[in-house]
Each structure stands twice: as structure tokens, then as C-alpha cells.
Amino acid sequence: MNLDSLSAEEDEGGIDAFYISFGDLMVILCVFLVMLLTMSKIDIGSFEKIRSVMTGRTENTLVELTGSLKEIIEGTPGIPGATVHLAEDGVRVDLETAMLFPQGSAVIKDETLAALEPLMREILATAYRVDIEGHTDDVPYYRVEDGEVDTNWSLSGKRASSVILYLRSLGFTPGRLRAVGYAHTVPVIDPRGKTGDALEQARARNRRVSLLIR
């Protein structure tokens, strides 16, 4: 028997076995990744933080945008009550409705528009989408005016839409914007069980327009 030919056959058999095992491993990994994607929710904010830590870079990320917006808010006395933070679902900019609107109204105060412009133009310069969320407190609200019924639901939606119209006037394209009215259903502070000043402070904090940038 030729030893060289026997050795060649053994080598070919080993290579074939390796390719079969490697192929099986790739199939298993693909199935595992598909299961992870179907079962898990990808948190944008968490992903951006991890990416920044791993790469050591924050340029053109939500991390960088959060820092820029904080600097603008801190340097603009005309927008009190505005806060920004990097959440799991993106950058959140919360604006107290007392700063934006008269009580029970969805018309933005003229004096607020100029103060908000540097903040909004910083967002405009990015390619991110923006959800504008209207939120009210838990005090029941019902008003009929000119044949139209207003409730917390409609008021929160109208306020979100007013902010969208303002953003459109600055140059935001419609495809980047979405308005959502949540009424009192997504509070920052749960008002249940609170009384007196604590209750009023919670309600004031919950009355807001929130910009979710992602």
C-alpha cells in the first residue's frame, strides 16, 4: 500500500470533517442570534453608551448630542424647567408645559420660541428622528368650546402637534417627526398616595412635552 496516498486520503477526510463541524457550528450560531433578536429589545441609549466606551469615541452619537443639549439648556436662562438625559430608548428632552403654554391652551407662548430655537436647531443638525410626546397631569379635564370637546387626551395631542408645527417652521422634514398624546398615563412621578405640596410638585413635573430623539 502506498503510504503517501493513504496519508492524502486521511488528510482529505480530516478536512471534510472539519468543514462539516464548522458548518454545523455556524448554523447553530445563526439560530442563536435569531433567537436573541426575536426575544430581546434593543435599547438604543444603552447601545450608544456601550459603543462609545468600546470605541473611545462619542462623535456623531446620542452621547455627544446629550452633552451638547445640556450645554445649551444650562446656558439659556429663557428655558427653565428643561431637562435632558440619555434614556434606554434615546435622548429625552423634557419641557415643562408651564414654560410652553398658557393653562389649558395648546398655543406656544411667543416668548418661549426664541429661547427654544438654539436647542431645536442643534437637533435639526442631526439625522435622528424625533417623537414629540404630550403629557398632562391626572386632574380630570373636560371642556366644550365651539362644539369641540377637550380632554387631557386631546390637549396632550394638540400640544404635541403644536410643537411639531414649530419644528416644521425651523426646517424639520415631516418624515423625522411624530406626535403622540399620552394624557396622564405616563407620569414621571406617580401622584398616587401623595398629598399637599408633594402632590402639586408631582403634577407639575408630569405636565410636560417630551422630545424623544433616536
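Everything discussed here concerns the structure shown above.
Residues numbered from 1 in each chain as written. Predicted model: local features only at pLDDT ≥ 70, side-chain atom pairs only at ≥ 80, totals over all residues. Heavy atoms only, no water.

## What about the side chain of T66?
Item 1. Residue position: T66 is located in helix 3 (residues 62-74).
Item 2. Residue classification places T66 among the buried residues on the basis of a relative accessible area of 6%.
Item 3. If we ignore the near neighbours within four places in the chain, the residues touching T66 are V84, H85, L86 and V91. (Helix = DSSP H or I, 4+ residues; strand = E, 2+ residues; numbered from the N terminus. Buried < 20%, exposed > 50% of the residue type's maximum accessible area, 1.4 Å probe, protein only. Contact = heavy atoms within 4.5 Å.)

## A look at the sheet that holds strand 3 (residues 130-135)
Item 1. The five strands lie next to each other as 1-2-7-3-6, forming an open sheet whose pairing is mixed. Only two strands of the sheet have a single partner each, and these edge strands are strand 1 (83-87) and strand 6 (177-183). Between one strand and the next, the sheet's axes are offset by a mean angle of 20°, whatever the strand orientation.
Item 2. Judged from the six bridges that link them, strand 2 (residues 90-96) and strand 7 (residues 208-213) form a sheet pairing that is antiparallel. Across the sheet, R92 pairs through a bridge with L212, a residue of strand 7. (Pairing = 2+ DSSP bridges. Axes fitted to C-alpha atoms, helices over the stretch in contact; angles between N-to-C directions.)

## What to know about the environment of D150
Item 1. Mapped onto the elements, D150 comes out in strand 5 (residues 148-151).
Item 2. The exposure class assigned to D150 is buried, which follows from its relative accessible area of 8%.
Item 3. When the C-alpha positions of D150 and G104 are compared, they lie 9.2 Å apart, and in sequence the two are 46 residues distant.
Item 4. For D150, the side chain forms a polar contact with the side chain of S154, separated by 3.2 Å. (Polar contact = N/O pair within 3.5 Å; in protein donor to acceptor, adjacent residues only side chain to side chain.)

## So, the pairing of strand 4 (residues 142-145)
Item 1. Bridge count between strand 4 and strand 5: four bridges; the pairing is antiparallel. Residue pairing across strands places E145 opposite E148, the latter belonging to strand 5.
Item 2. Joining the antiparallel neighbours strand 4 and strand 5 is a turn of two residues, in which D146 adopts a positive phi near 55°.

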